[in-house]
Amino acid sequence: MIIAVTGTPGVGKTTVSKLLARELGHEYVNIKDYALEKGLGEMRGDELELDVDELARSFERDFAGRDVVVDGHLSHFLNADIVVVLRAHPGLIGERLKERGYPREKVGENVEAELVDVILVEAIEENDRVIEVDTTGKDPDEVVGEILELIERGITKRVGIVDWSGVYDEVLPYLRP
């Protein structure tokens, strides 16, 4: 089973993916590291630019039939058995990215992406089996527990549980230069 864990930078993808892989006994793959190792893209500043179709073909060749948890904000473009879209309050994302030293413009871009569901919409367009999980106020073990429970119950589609439209005014400082 291939489980893709995706979401806006700062939602907790890597932490949750590693814990989920460990709990399931699956292999953990960071999509950015994989792409670089395979020579599928190139770094431009701190951004990896690549052809997502080429990435998907290569990943399928290398991991078909294996049990994998794949982590990355492009992982929803892969042929996965289930896609988990992690969500977090846009203000929390803003703070986390500021702490990581992201430039103000990049912080705003990612806060806005979370606010308007960019990754969720892409995931739904690319996949039939999408589970949305709000990580706000939860520790990583709780998030993993929720994902495992949904998978064990056979839930393959759960979207529309998060609506950040009511927090626009609250996150406005992250969106303006």
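Summary of the structure given here. (Residues numbered from 1 in each chain as written. Predicted model: local features only at pLDDT ≥ 70, side-chain atom pairs only at ≥ 80, totals over all residues. Heavy atoms only, no water.)

Focus on the packing of aromatic side chains
Tallying each qualifying case throughout the model produces 3 aromatic pairs. For the ring pair tyrosine 34 and phenylalanine 59, a centre distance of 5.5 Å and an interplane angle of 85° mean the geometry is edge-to-face. Of this pair, tyrosine 34 sits in helix α2 (residues 31-37) while phenylalanine 59 sits in helix α3 (residues 52-63), and the two are 25 residues apart along the sequence. Residue classification places tyrosine 34 among the buried positions, given a relative accessible area of 5%. (Phe/Tyr/Trp six-rings, centres within 6.5 Å; stacked < 30°, edge-to-face > 60°. Helix = DSSP H or I, 4+ residues; strand = E, 2+ residues; numbered from the N terminus. Buried < 20%, exposed > 50% of the residue type's maximum accessible area, 1.4 Å probe, protein only.)

Topic: a negative patch on the surface
There is a patch of like negative charges on the surface, built from Asp51, Asp53, Glu54, Glu125 and Glu126. Listed by contribution, the elements that provide at least two residues to the negative patch are α3 and α6 (118-126). As for its position among the elements, glutamate 54 is in helix α3. (Patch = residues over 30% accessible without salt bridge, like charges linked within 9 Å, V, L, I, M, F, W, Y side chains within 5 Å. Areas by Shrake-Rupley, 256 points an atom, 1.4 Å probe, with all protein chains shown as cover. Salt bridge = Lys/Arg side-chain N within 4 Å of Asp/Glu carboxyl O. Lys, Arg positive; Asp, Glu negative; His and termini not counted. Charge placed at Lys NZ, Arg CZ, Asp CG, Glu CD.)

Some points on helix α7 (residues 140-152)
Under the 1.5 Å per step criterion, the end-to-end length of α7 is 18 Å for 13 residues, consistent within 8% with the ideal 18 Å. Turning to α7, its buried residues are Val143, Val144, Glu146, Ile147, Leu148 and Leu150. Buried residues along α7 sit in contact with α1 (13-24), β6 (82-87) and β7 (130-134). Near the N-terminus of α7, the side chain that reaches the backbone nitrogen of aspartate 141, with its oxygen 3.0 Å away, is that of aspartate 139. (Expected span 1.5 Å × (residues − 1). Contact = heavy atoms within 4.5 Å. Polar contact = N/O pair within 3.5 Å; in protein donor to acceptor, adjacent residues only side chain to side chain.)

Thoughts on unusual backbone geometry
Unusually for a residue other than glycine, aspartate 117 sits at a positive phi of about 65°. Topologically, aspartate 117 is positioned in the loop between α5 (104-115) and α6.

Looking at the sheet that holds strand β1 (residues 2-6)
Spatial ordering of the open sheet is given by β2-β5-β1-β6-β7, a layout of 5 strands whose pairing is parallel. With partners counted over all chains shown, the strands left at the sheet margins are β2 (27-30) and β7, one partner each. Direction aside, neighbouring strands of the sheet carry axes that sit 20° apart on average. Across 4 bridges, β1 lies against β6 in parallel orientation. By the bridge assignment for β6, alanine 4 is matched with valine 83. This element, α6, spans β1, β6 and β7 of the sheet and lies at about 170° to β6. (Pairing = 2+ DSSP bridges. Axes fitted to C-alpha atoms, helices over the stretch in contact; angles between N-to-C directions.)

A word on the nonpolar core
Judged by nonpolar contacts, the single largest core of 29 residues is most densely connected at Ile3, Val5, Leu20, Val84, Leu86, Val133 and Ile147. If you list the elements that add at least two residues to this core, you get β1, α1, β6, α4 (90-99), α5, β7, α7 and α8 (168-175). Residue contributions to this core peak at 5 residues, all from α7. Not counting residues up to four positions away in its chain, the partners in contact with isoleucine 147 are Val16, Leu20, Val84, Leu86 and Val133. In terms of nonpolar packing, the next biggest core, distinct from the first, is built from 22 residues, Tyr34, Leu48, Leu55 and Phe59 among them. (Core = buried A, V, L, I, M, F, W, Y, C linked by side-chain atoms within 4.5 Å.)

From the geometry alone we can't say anything about function, so treat these as descriptive.
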